[in-house]
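Reading the structure
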Amino acid sequence: MSSSALSRLSNIHGHLHPSDSNSMIGEGLVKVSPEVSEALSCGHAVVALESTIISHGMPYPQNLETAKEVEAIVRKNGAVPATVAILDGKPCIGLSMEELERLATLGTRAQKTARRDIAHVVASRGNGATTVSATMYFASMVGISVFVTGGIGGVHRHGEQTMDISSDLTELGRTPVAVISAGVKSILDIPRTLEYLETQGVCVATYKTNEFPAFFTEKSGCKVTCRVDTPEDCARLIDANMKLKLGTGILIAVPIPKEHSASGNMIESAIQSALREARDKNITGNAETPFLLARVNEITGGASLASNIALVKNNSLVGAKIAVALAQLREREHSNRGKLQERKKN
């Protein structure tokens, strides 16, 4: 494990003993689960997971079932899942089954929490479901390098007039965490989102393809110059980004599996209809994305939700493999440094 990650954990926990289930940062502000704490201390693979998808992304009980299945996929592929949420004012990194169930039943009563909302939710001792930006922030705080989500936020359609741009993009520009997603939610303006990420200095890579995926569908029509074909390719990219101290995140876009890809025309038609409804009802800001996703699901007769669940599971599979490859790469480098030091002594 890198010395910087160990240093972060030392600051968070005060010590590195994995049995301390109440390891916290500062004045008890952040709680890291024993399982996540132990994995980080030992340099094992850990995958951060957001919680907005649980509380705002799908209805109960599908949200709880999906959350459990996603964590199981991560574990099956050799990594430890670290779902992030704020419960009773405490940011939690790694949730118990009881905490997952609580978050799922809270649903939209848990505040959708981006970076800007963290201090307020903590100070008011509220419950918060973390978005991509907030999850990235907490993952970076404890040294988690890989984060899996469904799709990131972006520049909204007509964003050049409304200036409605997700904080996910600025977070990617300042927080060194690799985000594994199925691209940008197709309800957004994908070309402008990619332009904005370029301005932020974010490396955008596509997995086993040259074309940026469009969340529900495999293709968006936008080409990307950085292609990665294996978890090891991704690990080397993340490792280089960290070593160079670029200070930015990486977006690794994984196309939805072909068998789950919804009809592009059907989804686009549903999106246009939902966008008109949102404008007519004056639904804006952080309420717009949940509204649009829900309406698209209704219009498509549940097809978009099924695709959403499938792509999240696929991203979890790929993300876990990337996290394992990264942990193995770092372990080899650590071992090689140790051997070199031994030779120098002799």
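An unreviewed UniProt entry lists the chain under the name Pseudouridine-5'-phosphate glycosidase, with Manihot esculenta given as the organism. The annotation that UniProt attaches to the chain under Cofactor (unreviewed entry) is "Mn(2+)".

**Details of helix α4 (residues 62-76)**
Across its 15 residues, α4 extends 21 Å between first and last C-alpha, which sits within 8% of the 21 Å expected from 1.5 Å per residue. Tucked inside the fold, the buried residues of α4 contact β3 (46-49), α3 (52-55), β4 (80-87), α5 (97-106) and α14 (303-345). Where α4 ends, the next residue or the one after it, G78, has phi of about 95 degrees, a positive value.

**Examining helix α7 (residues 132-142)**
Of all 11 residues in α7, 8 are buried, a share of seventy percent or more. Of the residues flanking the end of α7, it is G143, one or two places downstream, whose phi is positive at about 90 degrees.

**What to know about the nonpolar core**
In terms of nonpolar packing, the biggest core is built from 105 residues, with V36, I93, I144, F212 and I252 touching the most fellow members. The biggest single contributor to this core is α14, with 13 residues. When residues no more than four places from it in sequence are discounted, the contact partners of I252 are V179, I180, S181, A205, Y207, V228, C234, I238 and I322.

**Looking at the pattern of salt bridges**
Counting across every chain of the model gives 18 salt bridges. Ionic pairing is found between K281 and E277, a salt bridge with its closest N-O pair at 4.0 Å. The exposure class assigned to K281 is exposed, which follows from its relative accessible area of 52%. What emerges from the salt-bridge pattern is a single network uniting E277, K281, R295 and E298.

**Structural notes on the environment of R337**
Looking at the secondary structure, you find R337 in helix α14. Along the chain, R337 and L188 lie 149 residues apart, while their C-alpha atoms are 46 Å from each other.

Rules used throughout
Residues numbered from 1 in each chain as written. Predicted model: local features only at pLDDT ≥ 70, side-chain atom pairs only at ≥ 80, totals over all residues. Heavy atoms only, no water. UniProt positions renumbered as here; feature names shortened; annotations may be inferred. Helix = DSSP H or I, 4+ residues; strand = E, 2+ residues; numbered from the N terminus. Expected span 1.5 Å × (residues − 1). Contact = heavy atoms within 4.5 Å. Buried < 20%, exposed > 50% of the residue type's maximum accessible area, 1.4 Å probe, protein only. Core = buried A, V, L, I, M, F, W, Y, C linked by side-chain atoms within 4.5 Å. Salt bridge = Lys/Arg side-chain N within 4 Å of Asp/Glu carboxyl O.

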